[in-house]
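Summary of structural features
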Amino acid sequence: MKILSRYIAKELTKVIAICLAAFTALYLLVDLLDRIDDFLEVRLPLSRIGEYFLLKAPLALQQGIPLAVLMGTLIALGLIARANELTALKAHGVSPLLYLTPAILLALLFGFSDFLLAEYIVPSSTSRANYIWNVEVKGRPLVGSFTNEQIWYKSGPRIYNIRVLHSERSLLEGVTIYFFDNNFHLLKRLDARKALWNGKKWLFSEGILLTRRDKGIFNLKHFQELSLDLPERPQNFQRLEKPTEEMSFAELLHYVRRIESEGYDATRYRVDLQAKLSFPFTTVILSLLGIAVILVQGKRGGIALGVVVSIAFAFVFLVLSQVLITLGYTGSLQPLLAAWTPNLFFGLAALLLLAHAKL
């Protein structure tokens, strides 16, 4: 059985590697076509463009692993089945578990590799790629920073300190604004629990306002609600929000625990935290689904059918994931369900197909 396992593992690894290389190249090509005009407009050196895409490659690899495993499994096992090799094994009484174990173990290995990429390589490489794009190409000044604890943003005579940003709801939590004069003397300081953009003005709630009087004396005013017409809009802060792909699982977990301990809403980050765990498992789930499809369709498999079925499954998976993640962000669905339901759905589909397969 060791010879059989090595043979199947070799064929699977070869096809999965080809699929992964193709997905990565396609991802980077689409990204290049989308951004080439911007690169040329600012005359970014070719070496810098090359560095940008090298830095984006780990993210492309990490995102492409589940689909590559699915397509590789469908194609490799489909070709083996089409050559009647699975039929021959079945005729000699070989248990399907024995020759499908290499496929499952490979899926676990690729899933673990996906997690390692997301945890140790993708955050730093994506951050550096985003710097090239945002600063060197788009010319956005570094007027703010994100340190996993808070956002700092300077605009004219105002400096904003934001504890948590909910970009999908145009909501800020833990807001402090410093107002200065032309000599950088503090005129006012506003502290508020929340700040909501209603489309016209900022609505601050549960806060205090310090206003400077003569001789450095400040007036203190408590308020439950306060509306201010400030020139800054939610999109000014959104580009300072650190994407979760720039954070490792440990980093994001620390951030979630910290802001929750201070009483702020971490729903969005809870969803992304669960997604960081569920995504590597997607590789195993899709591999099982591919195995189940091959066992059901028998020797009718092949390259064309494998590609078509893979794309169809990937499309449904991505749409379902996006819808559920969005529901999770808005609080309509628990973070655990938002991140794990697609895996559960496709896992049940794989089990149902395996139950109807002629093993």
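Predicted, not measured: the structure shown is a model, and the values here were computed from it. (Residues numbered from 1 in each chain as written. Predicted model: local features only at pLDDT ≥ 70, side-chain atom pairs only at ≥ 80, totals over all residues. Heavy atoms only, no water.)

Under the definition given, this model contains 10 salt bridges. A salt bridge links aspartate 38 to lysine 138; the nearest nitrogen and oxygen atoms lie 3.4 Å apart. Of the two residues, aspartate 38 sits in helix α1 (residues 2-41) while lysine 138 sits in the loop between α4 (96-137) and β1 (144-146), which places them 100 residues apart along the sequence. When salt bridges with common partners are traced through the structure, they connect Asp31, Arg35 and Lys56 into a single cluster. (Salt bridge = Lys/Arg side-chain N within 4 Å of Asp/Glu carboxyl O. Helix = DSSP H or I, 4+ residues; strand = E, 2+ residues; numbered from the N terminus.)

A word on the environment of leucine 117. Along the chain, leucine 117 falls in helix α4. Linking leucine 117 and glutamine 62, residues 55 residues apart in sequence, is a C-alpha distance of 6.2 Å. Leucine 117 has contacts with Pro58, Leu61, Gln62, Ile65, Val122 and Pro123, leaving out every residue within four places of it along the chain. (Contact = heavy atoms within 4.5 Å.)

This part takes up the pairing of strand β4 (residues 171-180). Most of β4 sits inside the fold, with 10 of its 10 residues counted as buried. Hairpin geometry of strand β3 (residues 158-166) and β4 is characterised by an intervening segment of four residues between the two adjacent antiparallel strands and by a positive phi of about 55° at serine 170. In this sheet, strand β5 (residues 186-197) lies alongside β4 in antiparallel orientation, the contact comprising nine bridges. Counted as the bridge partner of phenylalanine 179 is lysine 188 from β5. Taking the residues between adjacent antiparallel strands as the criterion, β4 and β5 are bridged by five residues, where phenylalanine 184 takes a positive phi near 65°. (Buried < 20%, exposed > 50% of the residue type's maximum accessible area, 1.4 Å probe, protein only. Pairing = 2+ DSSP bridges.)

With that settled, the discussion passes to the pairing of strand β7 (residues 218-228). By the bridge criterion, 10 bridges tie strand β6 (residues 202-212) to β7 in an arrangement that is antiparallel. Bridge pairing links leucine 203 to serine 227 in β7. Between the antiparallel neighbours β6 and β7 lie five residues, among them lysine 215 with a positive phi of about 60°.

For helix α2 (residues 46-82), built from 37 residues, the straight-helix expectation of 54 Å at 1.5 Å per residue is missed by more than 12%, its first-to-last C-alpha distance being only 46 Å. For α2, the principal kink sits at isoleucine 65 and spans about 45°; a proline, proline 66, occurs within the next four residues. Among the 37 residues of α2, 26 are classified as buried, and the element is accordingly described as predominantly covered. (Expected span 1.5 Å × (residues − 1). Bend = angle between axes of the 7 residues up to and from the residue.)

Just geometry here; none of it tells us what the structure is for.
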